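# Report on the structure
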Amino acid sequence: MKLATWNVNSLNVRLGHVLDWLAANPVDVLCLQELKLPDERFPEEALRAAGYHACWAGQKTYNGVAILSRSPLIDVQRNIPGYDDPQQRIIAATLPEVGDQPLRVISAYCPNGQAVGSDKYAYKLAWYDTLRDWLADELQRHPELAILGDYNVAPTDADVHDPEAWEGNILVSEPEREAFGKLIDLGLADTFRLFDQPPGSFSWWDYRQGGFRRNHGVRIDHVLANPQLAQQCTACDIDKAPRGWPKPSDHAPVIATFSR
């Protein structure tokens with residue numbers, strides 16, 4: 001079983017990329033972030049024709065998340081229950097037909113935070129606290145769970161092309177890393193770090209200044225799995241190829257493979 005995540009930075013612009021990638025990489029689940037389109041413009045028919053069920057939470061111009069699955073999706077949850085936030089950042093669903101027991105999958109687009117000390121930075125940290133509290137409950141309810149997405153946090157200096165240049169900046173500040181660490185403390189595993197990985201493995205590169213060509217990137221897209229699922233993980237990889245396509249997203253897909 002393969003679970004993948006990809007911040008597509010506008011599904012309207014990059015639907016062709018998604019369809020081409022799925023044709024070459026028929027993963028069981030693909031979580032998308034930054035749809036940047038309203039619900040009514042979600043390309044459900046095109047994705048169904050490609051063999052995928054879908055659930056989504058769209059938003060015009062900004063944000064938006066989706067789960068694409070070869071199996072039917074049930075028990076769909078849009079946004080964090082009880083959290084009053086107009087930004088569409090969470091979609092969760094259960095896959096009842098992918099093994100001995102149902103699998104809970106969450107697609108998350110965590111706030112960027114803009115700049116350390118800004119109002120958006122405070123929102124990011126508060127949002128992370130709310131996410132952690134909700135995940136603690138989800139982990140109690142679901143024996144197998146994965147939360148995939150763009151976390152907008154590079155967990156360690158190994159996830160940054162130039163730690164000294166990035167020190168104290170957004171995506172790598174200590175409070176952000178602590179917020180991400182609190183998710184790990186729930187018992188979640190960063191599946192990418194379960195395996196030896198090449199140095200300079202990143203999932204996001206700035207469009208400017210030849211960021212991708214020079215591999216000046218950061219690893220901010222993650223597949224986290226609860227203990228029962230993590231012990232079945234056999235690989236986790238970043239597919240850099242789509243980042244080199246014409247008019248690409250600034251993110252690359254991350255794929256985790258499970259023996260489940």
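These notes cover the structure that comes with them. This is a predicted model, so every value here is computed, not measured.

## Focus on the packing of aromatic side chains
- Tallied over the entire structure, the rule returns five aromatic pairs.
- For the pair Tyr151 and Phe180, a centre-to-centre distance of 5.5 Å together with 90 degrees between the ring planes defines the contact as edge-to-face. With Tyr151 in the loop between β8 (145–150) and α4 (163–166) and Phe180 in helix α5 (residues 174–184), the pair connects residues that are 29 residues apart, well separated along the chain.

## Considering the pattern of salt bridges
- In the structure shown here, the tally under the stated rule is 13 salt bridges.
- The residue Asp75 makes a salt bridge to Arg104 at a minimum N-O spacing of 3.4 Å. One end of the pair, Asp75, is in strand β5 (residues 74–78); the other, Arg104, is in strand β7 (residues 103–109), and 29 residues separate them in sequence.
- The class for Arg104 is buried, based on a relative accessible area of 2%.
- A salt bridge links Arg219 to Asp159; the nearest nitrogen and oxygen atoms lie 2.7 Å apart. With Arg219 in the loop between β11 (217–218) and β12 (221–225) and Asp159 in the loop between β8 and α4, this residue pair connects regions lying 60 residues apart in the sequence. Side by side, Arg219 and Asp159 carry an identical accessibility label, which is buried.
- Salt bridges here are not isolated pairs; linked through shared partners, they connect Asp75, Arg104, Glu138 and Arg141.

## Things to note about the state of the cysteines
- Summed over the entire model, instances satisfying the criterion amount to zero disulfides.
- Looking at the unpaired Cys110, the closest cysteine sulfur is the one in Cys31, lying at 12 Å.
- Given the relative accessible area of 0%, Cys110 is considered buried.

## Re the packing of helix α3 (residues 119–141) against α5
- Orientation of α3 relative to α5, taken along the N-to-C sense of each, is 10 degrees, at an axis distance of 9 Å. Between α3 and α5, the crossing angle belongs to the class labelled roughly parallel. Contacts between α3 and α5 involve Tyr121, Lys124, Leu125, Tyr128, Asp129, Leu131, Arg132 and Leu135 from the first element and Pro175, Glu176, Ala179, Phe180, Lys182 and Leu183 from the second.
- Of the residues that constitute the contact of α3 with α5, the class distribution is nine nonpolar, no polar and five charged.

## Focus on empty space enclosed by the protein
- As enumerated under the stated definition, the model contains one cavity of 30 Å³ or more in all.
- Taken as a whole, the largest cavity encloses approximately 70 Å³ of empty space.
- A breakdown of the residues in the lining of the largest cavity according to their chemical character gives four nonpolar, two polar and two charged.

## Details of the sheet that holds β5
- On the basis of which strands lie adjacent, the open sheet formed by six strands has the order β5-β6-β7-β8-β12-β9 and mixed pairing. Of all strands in the sheet, those with a lone pairing partner are β5 and β9 (189–190), marking the two edges.
- In this structure, β7 lies alongside β8, joined through six bridges in parallel fashion. Paired with Val105 across the two strands is Ala146, which belongs to β8.
- The sheet strands contacting α3 are β5, β6 (90–95), β7 and β8, and the helix crosses β7 at an angle near 175 degrees.

## Quick notes on the sheet that holds strand β1 (residues 2–7)
- Strand order in the open sheet formed by six strands is β3-β4-β2-β1-β14-β13, and the pairing between neighbours is mixed. Both outer strands of the open sheet, β3 (53–57) and β13 (233–238), are each paired with one neighbouring strand and no more. Strand-to-strand twist in this sheet, taken as the mean axis angle between neighbours without regard to direction, amounts to 10 degrees.
- Relative to strand β14 (residues 254–258), β13 is paired through five bridges, and the arrangement is antiparallel. When the bridges of β14 are listed, Cys236 appears paired with Ala256.

Reading guide: rules and limits
- Residues numbered from 1 in each chain as written.
- Predicted model: local features only at pLDDT ≥ 70, side-chain atom pairs only at ≥ 80, totals over all residues.
- Heavy atoms only, no water.
- Phe/Tyr/Trp six-rings, centres within 6.5 Å; stacked < 30°, edge-to-face > 60°.
- Helix = DSSP H or I, 4+ residues; strand = E, 2+ residues; numbered from the N terminus.
- Salt bridge = Lys/Arg side-chain N within 4 Å of Asp/Glu carboxyl O.
- Buried < 20%, exposed > 50% of the residue type's maximum accessible area, 1.4 Å probe, protein only.
- Disulfide = S-S within 2.5 Å.
- Axes fitted to C-alpha atoms, helices over the stretch in contact; angles between N-to-C directions.
- Parallel < 35°, antiparallel > 145°, perpendicular 65-115°, else oblique.
- Contact = heavy atoms within 4.5 Å.
- Nonpolar A, V, L, I, M, F, W, Y, C, P; charged D, E, K, R; others polar.
- 1 Å grid on protein atoms, 1.4 Å probe; cavity = no way out; pocket = protein on both sides within 12 Å on 5 of 7 lines; lining within 4 Å.
- Points joined across faces, edges and corners; volume = space filled by probe spheres on them.
- Pairing = 2+ DSSP bridges.

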